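Remarks on the overall topology
The lines below spell out each chain.
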Amino acid sequence: MSRIGNAHITIPAGVTVVAQDNILTVKGPKGTLSQAYDPIITPNVENNEIVFTRANDLGPTKAKHGLYRALCANMVKGVTEGFKKSLIVNGVGWKVAKQGKKIVMNIGFSHPVEVEEIDGITLDCPSQTEITVSGIDKEKVGQFAAIIRGYREPEPYHGYGIRYSDEVIERKVGKAAGAKG
């Protein structure tokens, strides 16, 4: 039995949910999101709640039941609160700055790296060593933050790199000086 799929999603005030033609559309104060779903899963909108039901109890159907319920919950949260990922830039002389609709990163290369905002994503630099990626689509926010992190992934010996604010870098011990074998 899918425990996640059986949980009901409460629709907050100001949010409308429409399910038709195998597309679930959620509209709220921050924007609109849509998601296609398999017809084997049926979303029912009633009494300010969304309930997902499945046609049978096969393994793949149970997996889709929980998947579409989780995607819908993320869409409802996105159009009301939004999502945010914070990145920390760590390195000697490394810094970031916002210029218009792009951020310019000096991260140890011979040239600055420029990253432009895309539709639905907002970039911000609260300080010279922080980048904030925000938007209403959880998948887009996570993917864009991963792209920025990919420019200089954290290395384990000195800790230099771009990391998520809640990420812990496992530090490694360097080569022992004067060790003879």
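Residues numbered from 1 in each chain as written. Predicted model: local features only at pLDDT ≥ 70, side-chain atom pairs only at ≥ 80, totals over all residues. Heavy atoms only, no water.

Before going further, it helps to spend a moment on the sheet that holds strand 9 (residues 102-106). By definition, the strands of a sheet pair up through backbone hydrogen bonds, in either a parallel or an antiparallel sense. A sheet is described by the order of its strands in space; here three strands give the open sequence 8-9-10, paired in antiparallel fashion. Among the strands making up the open sheet, the edge pair consists of strand 8 (95-99) and strand 10 (113-116). Taking the axes of each pair of neighbouring strands and ignoring which way they run, one obtains an average angle of 20° across the sheet. Pairing between strand 9 and strand 10: four bridges, direction antiparallel. When the bridges of strand 10 are listed, Val104 appears paired with Glu114. (Pairing = 2+ DSSP bridges. Helix = DSSP H or I, 4+ residues; strand = E, 2+ residues; numbered from the N terminus. Axes fitted to C-alpha atoms, helices over the stretch in contact; angles between N-to-C directions.)

Turning to empty space enclosed by the protein, a few remarks are in order. If a probe as big as a water molecule is rolled over the atoms, it shows which places are left empty. A complete count under the given rule lists one cavity of 30 Å³ or more for this structure. By volume, the largest cavity is sized at about 50 Å³. Together, Leu24, Gln35, Ala36, Tyr37, Pro43, Phe52, Tyr68, Leu71, Cys72 and Met75 line the largest cavity. Looking at the lining of the largest cavity, the elements that each hand over two or more residues are strand 4 (31-36) and helix 2 (59-80). For the lining of the largest cavity, the element with the highest residue contribution is helix 2, accounting for four residues. (1 Å grid on protein atoms, 1.4 Å probe; cavity = no way out; pocket = protein on both sides within 12 Å on 5 of 7 lines; lining within 4 Å. Points joined across faces, edges and corners; volume = space filled by probe spheres on them.)

This next bit is on the nonpolar core. Soluble globular proteins tend to bury their nonpolar side chains together. Core analysis: the largest hydrophobic core is formed by 21 residues, its most contacted members being Met105, Ile131, Val133 and Ile148. Looking at this core, the elements with two or more residues in it are strand 7 (83-90), strand 9, strand 10, strand 11 (121-124), strand 12 (130-135), helix 3 (138-150) and strand 13 (161-164). When residues no more than four places from it in sequence are discounted, the contact partners of Met105 are Lys95, Val96, Pro112, Val113, Val115, Ile131, Ile148, Tyr151 and Ile162. (Core = buried A, V, L, I, M, F, W, Y, C linked by side-chain atoms within 4.5 Å. Buried < 20%, exposed > 50% of the residue type's maximum accessible area, 1.4 Å probe, protein only. Contact = heavy atoms within 4.5 Å.)

Attention shifts here to the packing of aromatic side chains. Inspection of every chain in the model, using the stated rule, returns one aromatic pair. Taking 6.1 Å as the distance between ring centres and 45° as the angle between the ring planes, the aromatic pair formed by Trp94 and Tyr160 counts as tilted. Here Trp94, found in the loop between strand 7 and strand 8, pairs with Tyr160, found in the loop between helix 3 and strand 13; they are 66 residues apart in sequence, far enough to count as distant. Of the residues examined, Tyr160 reaches a relative accessible area of 33% and is grouped as partly exposed. Over the face of the ring belonging to Tyr164 we find Lys85, whose NZ or CZ atom lies 5.0 Å from the ring centre. Taking the ring centre of Phe109 as reference, the NZ or CZ of Arg152 above it sits at 4.4 Å. (Phe/Tyr/Trp six-rings, centres within 6.5 Å; stacked < 30°, edge-to-face > 60°. Lys NZ or Arg CZ within 6 Å of the ring centre and 35° of its normal.)

Right, let's talk about the side chain of His65 for a bit. For His65, the location among the structural elements is in helix 2. Here Phe52 takes part through its backbone oxygen, which lies 2.8 Å from a polar atom of the side chain of His65. (Polar contact = N/O pair within 3.5 Å; in protein donor to acceptor, adjacent residues only side chain to side chain.)

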